[in-house]
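Coordinate inspection notes
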Amino acid sequence: MRGAAQEAVHCPQIRNQRACGCGTYVCPSFVSDQLFTYLFCMEVSSLPLIPEGMIGFTVPLQRYVTVRVADGDPFEVLHAYIEANGLANNKRGLALEVYPVHNPKWPSEANVFIPLA
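To start, this report covers the structure provided alongside it. Please read all numbers here as calculations on a predicted model, not as lab measurements.

1. A look at the overall build of the chain
A tally of helices and strands in the chain yields two helices and five strands. Order of helices (α) and strands (β) in the chain, N terminus to C terminus: α-β-β-β-α-β-β. Across the 117 residues that make up the chain, the buried fraction comes to 30%. Counting contacts in the chain only where the partners sit at least 6 residues apart, residues at least 24 apart contribute 65% of the total. For the chain, the computed accessible surface area is about 7800 Å², with 55% contributed by carbon and sulfur atoms.

See below:
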């Protein structure tokens, strides 16, 4: 995973990469009873040309709860927070994991975002 992520950051085929300073990649995921989807993505400012073999999509604007934990499951932490605060998870939205490219350690270096309804 580390080598592939490093290559992606410097991949000339991916145009309009956002300069985020720390070099991150985003892993959106969608889970339902019938489907599990997990993608490795680079944030770009626009999608004029999509390289062959890749896909492009836009994550809709919405509210999220987020956390980074040293140990344990950040998803459990976030779901407990959502329940304790009377919030609701947007089950149709994409959860996001944001990793630094050069140190993609789960869970200590991942920021996890869960969409709110």
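2. Some remarks on a nonpolar patch on the surface
A contiguous nonpolar surface patch, about 240 Å² in accessible area, is contributed by Leu47, Ile50 and Met54. Note that isoleucine 50 resides in the loop between β2 (36–38) and β3 (64–67).

3. Topic: the sheet that holds β3
The antiparallel open sheet is built from five strands, whose spatial order is β2-β1-β4-β5-β3. If you trace the sheet from one side to the other, it starts and ends with β2 and β3, each paired once. When strand polarity is set aside, the average angle formed by the axes of neighbouring strands in this sheet is 15°.

4. Details of the pairing of strand β5 (residues 111–115)
For a regular strand, side-chain orientation follows a simple rule: the groups alternate between the two sheet faces. Sheet analysis places β3 next to β5, joined by four bridges and oriented antiparallel. Bridge pairing links tyrosine 64 to proline 115 in β5. Relative to β5, strand β4 (residues 95–100) runs antiparallel, the two being bridged by three bridges. Paired with leucine 96 across the strands is phenylalanine 113, a residue of β5.

5. Details of the pattern of salt bridges
Scanning all chains against the criterion turns up one salt bridge. A salt bridge links glutamate 109 to arginine 68, with the shortest nitrogen-to-oxygen separation between them at 3.6 Å. Taken together, the positions of glutamate 109 in the loop between β4 and β5 and arginine 68 in the loop between β3 and α2 (74–84) put the pair 41 residues apart, joining distant regions of the chain. Judged by relative accessible area, arginine 68 falls into the partly exposed class, the value being 41%.

6. Remarks on α2
Every buried residue of α2 is accounted for by Pro74, Leu78 and Ile82. Here the buried residues of α2 occupy an arc of 70° about the axis, which is enough to place them on one side. When the buried face of α2 is taken as reference, the exposed residues oriented beyond 90 degrees from it are Glu76, Glu83 and Ala84. For α2, the elements touching its buried residues are β3 and β5. The distance from a side-chain oxygen at the start of α2 to the backbone nitrogen of phenylalanine 75 is 2.8 Å, and the residue carrying that oxygen is aspartate 73. Just beyond α2, the residue with positive phi is glycine 86, at close to 65°.

About the thresholds
- Residues numbered from 1 in each chain as written.
- Predicted model: local features only at pLDDT ≥ 70, side-chain atom pairs only at ≥ 80, totals over all residues.
- Heavy atoms only, no water.
- Helix = DSSP H or I, 4+ residues; strand = E, 2+ residues; numbered from the N terminus.
- Buried < 20%, exposed > 50% of the residue type's maximum accessible area, 1.4 Å probe, protein only.
- Contact = heavy atoms within 4.5 Å.
- Areas by Shrake-Rupley, 256 points an atom, 1.4 Å probe, with all protein chains shown as cover.
- Patch = residues over 30% accessible without salt bridge, like charges linked within 9 Å, V, L, I, M, F, W, Y side chains within 5 Å.
- Salt bridge = Lys/Arg side-chain N within 4 Å of Asp/Glu carboxyl O.
- Pairing = 2+ DSSP bridges.
- Axes fitted to C-alpha atoms, helices over the stretch in contact; angles between N-to-C directions.
- Arc of directions from axis to C-beta.
- Polar contact = N/O pair within 3.5 Å; in protein donor to acceptor, adjacent residues only side chain to side chain.

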